[in-house]
Amino acid sequence: MRLNSWFGRNRNDQPCKRVGLRRLIPILILGIGALSLFYHYALPHLFRLRFHLGLSRYDLGFYGFAPSQRYHSFNEQSPIVQISPAGAKCDQRYTFLAPRGDSVEHPGPMIIDAKGELVWMKNNWGTTQDFKVQHYKGQDYLSYWQGDEEDGHGRGSWYMLDSKYTPQYIITPAGELEGDLHDIQITVNDTAILSIYEPIPANLTSVGGPEEGWLYEGVVQEIDIESGELLFEWRSSHTYPPEDSYQELAGKGHERTLGFDYFHMNSVDKDDQGRYLVSGRHTHTITCIDSNGEVLWTLGGKQNDFTDLSEGVATGFKWQHDARWHGENQITLFDNMVNGAAFNTEASRGLWLELDLPAREAKVSQRYDHPLGIMTVSQGNLQVLDTGNVLVGWGHSSAFTEFSHDGEVVCDTHFGASAYFNFGRIVSYRVMKGSWVGTPDTLPDIAMVGDSVFVSWNGATEVDSWVLEVWDGENIENMTFNAVDKVERSGFETRIPFPSDDGISYYRVAAINAKGEVLGRTEIYSPQQAVAEDTSFGPPLGVTAIMLFSLVCLLYGLYYAVSRRKAHIGALYQLVRSKEDDSDSERGGSSV
Ligand SMILES: *[C@@H]1O[C@H](CO)[C@@H](O)[C@H](O)[C@H]1NC(C)=O
Ligand SMILES: *[C@@H]1O[C@H](CO)[C@@H](O)[C@H](O)[C@H]1NC(C)=O
Ligand SMILES: *[C@@H]1O[C@H](CO)[C@@H](O)[C@H](O)[C@H]1NC(C)=O
């Protein structure tokens, strides 16, 4: 009855001003509330969207924030990447990354090949960062940091895995300190240069903090890997006071565990002259230190020693990462330009700088800009490849781009939808390329689904083809297997059609290298262990589709609410009037 009274009422009646105003004020307040909610909560997120004309379905999120694929024989997911332009000739070596974020099921170190196919991944506890190949005593090792991330830095250790993926070294700093997630560099002298954050007591009055406060000091250590002996140490607070920071205090600095991260050291490097190079993100500085710990010069920030010959770009980098030596007087870095601000429109870039050290002059010799103007609010790196090309990892934005030395894009790989890059659903602190030979000491994995055998071998780089072997049915005490099919390896997982022969009771699969040698075999299986085809493999609902659907629902709801409210006001007015006019029996009857 009452509902009826809200609709289809007589609209020809005169409006009643008193009641209308009394209703208008709450509606206005409601409107202001809704607008304020929208402005403070919805709008910043809308500004983080990065829709451009001509984005692919992948970049629009048709396959999800972080498109991923599952395997039959391997119980992990790996990203589906988009490489453009199609058929681009980029560095054919492996890519090393450590994806993490809300859209990543199991974060950890990961190797993918030049086509974006998974080669190896590991499900690590905590956070994994800075995954790369390093050389130590003539051998290649995979190195990464693993530990707990806290407030932008880490408390953990560095792991060095050999070609069998067995941890051979676990590196921790000298003294009572813990390893930070940002960097480890193994030198030609078999030492390691480490990044460390240490909370130290500090007078923070100069930045509006407590007199007896805490800041995070950036500590560089060089240690001997074998003995752990400390060879060198440098501390940021001896050169940079708290007021050199561009980072806002934002209530930090009162507790040891919530110190003021004023320096934010995020890369350490050393050249063959023994000069250390340290990047401090929050002071916008790159610092050169000699082997005695003396600061030779500072590039950028409030203590900049250089004249900028490139209109402020060579010394005006902001929130940067990954400062590296290239010869005596050249350095590269990843210039973020931004630090988490959603409304910022500045694009990040790679920079190659040339320094005239005696004259203290700096100039940009090359810039590496992404055509989409990617804004990397945190993380990122730049690696100079052996070819002279430059690989830029866009950190918080799930992309990496190979440039020619002159700054032309050679190929661009996305491992998340670019329209949502700023949401950080999938990120990798760094992305590196390199060669790697992996010979895991596990057995290959197998799954029989329907009438196909799926086989994979996490981390095995040398497999060329797979051979299906079946038991000859003779002596079960001493089984003999015969090869019945050979299938070339096709990506991480290879499908082998199973022969439609009811007589097969046992089979196994052998991994063969390019020379025809057997690298390993699966265990023995029976075709009775086959599982039915999994139908849950279908494509995920697109993010954009969900967004459009939600938007349409919202707009419809809003429209409905507003039109209903109009009718409601009309009805209230009717109520009042119907009391005044008792003779109108029809209206009186419908309003209870
Ligand atoms: C802290 O620094 C301020 C000025 O920066 C100075 O006036 C004050 O005496 C210092 N306090 C201590 C305990 O050193
Ligand atoms: C390696 O050791 C040599 C000899 O001590 C030294 O001159 C050189 O600077 C060192 N290089 C690095 C990167 O530590
Ligand atoms: C199993 O058979 C092979 C030949 O097929 C033979 O060389 C080997 O000695 C046998 N082993 C046992 C334990 O019987």
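What counts and how
- Residues numbered from 1 in each chain as written.
- Chains lettered and ligands numbered in written order.
- Predicted model: local features only at pLDDT ≥ 70, side-chain atom pairs only at ≥ 80, totals over all residues.
- Heavy atoms only, no water.
- Salt bridge = Lys/Arg side-chain N within 4 Å of Asp/Glu carboxyl O.
- Helix = DSSP H or I, 4+ residues; strand = E, 2+ residues; numbered from the N terminus.
- Buried < 20%, exposed > 50% of the residue type's maximum accessible area, 1.4 Å probe, protein only.
- Near = heavy atom within 4 Å.
- Polar contact = N/O pair within 3.5 Å; in protein donor to acceptor, adjacent residues only side chain to side chain.
- Areas by Shrake-Rupley, 256 points an atom, 1.4 Å probe, with all protein chains shown as cover.
- Pairing = 2+ DSSP bridges.
- Axes fitted to C-alpha atoms, helices over the stretch in contact; angles between N-to-C directions.
- Phe/Tyr/Trp six-rings, centres within 6.5 Å; stacked < 30°, edge-to-face > 60°.
- Lys NZ or Arg CZ within 6 Å of the ring centre and 35° of its normal.
- Contact = heavy atoms within 4.5 Å.
- Core = buried A, V, L, I, M, F, W, Y, C linked by side-chain atoms within 4.5 Å.

- An unreviewed UniProt entry lists the protein under the name Arylsulfotransferase, with Penicillium angulare as the source organism.

Observations concerning the pattern of salt bridges
Item 1. All chains considered together, the criterion is met by 25 salt bridges.
Item 2. Ionic pairing is found between Lys137 and Glu226, a salt bridge with its closest N-O pair at 2.7 Å. Pair noted here: Lys137 is in the loop between strand 7 (127-136) and strand 8 (139-150) and Glu226 is in the loop between strand 13 (213-224) and strand 14 (230-235), with a separation of 89 residues, a long-range link.
Item 3. A salt bridge links Arg367 to Asp369, with the nearest nitrogen and oxygen atoms 3.1 Å apart.
Item 4. Owing to a relative accessible area of 33%, Arg367 belongs among the partly exposed residues under this scheme.
Item 5. For Asp369, a relative accessible area of 33% corresponds to the partly exposed category.

Digging into the site of ligand 1
Item 1. All residues in the neighbourhood of ligand 1 are listed as Asn203, Thr205 and Glu211.
Item 2. Between Asn203 and ligand 1, the recorded distance is 2.4 Å, taken from a side-chain N or O atom to an oxygen atom.
Item 3. Here Thr205 contributes a side-chain N or O atom positioned 3.0 Å from an oxygen atom of ligand 1.
Item 4. Surface burial for ligand 1 is 33%, taken as the share of its 360 Å² of free accessible area covered by protein chains.

Brief notes about the sheet that holds strand 28 (residues 432-434)
Paired through their backbone hydrogen bonds, the strands of a sheet run either parallel or antiparallel.
Item 1. If you trace the 4 strands from one edge of the open sheet to the other, you get 6-5-4-28, paired in antiparallel fashion. The sheet is open, and its two edges are formed by strand 6 (118-121) and strand 28, each paired on a single side. Across the sheet, the mean angle separating the axes of adjacent strands is 25 degrees when strand polarity is ignored.
Item 2. Where strand 5 (residues 110-112) lies against strand 6, 3 bridges are found, and the strand directions are antiparallel. By the bridge assignment for strand 6, Ile112 is matched with Leu118.

Brief notes about the packing of aromatic side chains
Item 1. What the rule picks out here adds up to 28 aromatic pairs.
Item 2. For the pair Trp234 and Phe263, a centre-to-centre distance of 6.1 Å together with 55 degrees between the ring planes defines the contact as tilted. Of this pair, Trp234 sits in strand 14 while Phe263 sits in the loop between strand 14 and strand 15 (265-270), and the two are 29 residues apart along the sequence.
Item 3. A residue is classified by how much of its surface remains accessible, and Trp234, at 4% relative accessible area, is buried.
Item 4. With a relative accessible area of 0%, Phe263 lands in the buried category.
Item 5. Ring-pair connections join several aromatic residues into one group, and the members of that group are Phe96, Trp120, Phe131, Tyr144, Tyr159, Tyr165 and Trp436.
Item 6. For the cation-ring pair, Arg48 lies above Phe423, with the distance from its terminal atom to the ring centre recorded as 4.5 Å.
Item 7. One cation-aromatic arrangement involves Arg275 over Trp325; the distance from NZ or CZ to the ring centre is 4.1 Å.

Comments concerning the sheet that holds strand 30 (residues 452-456)
Item 1. An order of 29-30-33 is seen for the 3 strands of this open sheet, with the pairing classed as antiparallel. Two strands close off the open sheet at either side, each with one partner strand: strand 29 (445-449) and strand 33 (493-497). Each adjacent strand pair in this sheet contributes to an overall mean axis angle of 25 degrees, direction not counted.
Item 2. The pairing of strand 30 with strand 33 spans 5 bridges and is antiparallel. Pairing of Phe454 across the sheet is with Arg495, part of strand 33.

A short note on the side chain of Arg281
Item 1. One can find Arg281 in the loop between strand 16 (276-280) and strand 17 (285-289).
Item 2. Within the structure, the side chain of Arg281 is placed 2.7 Å from the side chain of Asn339, a separation counted as a polar contact.
Item 3. Apart from the residues lying within four places of it in its own chain, the contact partners of Arg281 are Phe263, His264, Asn266, Trp319, Gln320, His321, Asn336, Val338, Asn339, Val377 and Ser378.

Things to note about the nonpolar core
Burial of nonpolar side chains together is a common tendency in soluble globular proteins.
Item 1. Among the nonpolar cores identified, the biggest contains 20 residues, and Leu215, Val220, Trp234, Phe263, Met265 and Val278 are the most heavily contacted of them.
Item 2. Among the secondary structure elements, those contributing two or more residues to this core are strand 12 (191-202), strand 13, strand 14, strand 15 and strand 16.
Item 3. Per-element accounting of this core gives the leading share, 4 residues, to strand 12.
Item 4. Once residues within four sequence positions are removed from consideration, Val220 is found in contact with Ile193, Leu194, Phe232, Glu233, Trp234, Met265, Val268 and Val278.
Item 5. Listed in part, the 19 residues of the second largest apolar core include Ala314, Ala323, Leu355 and Val364.

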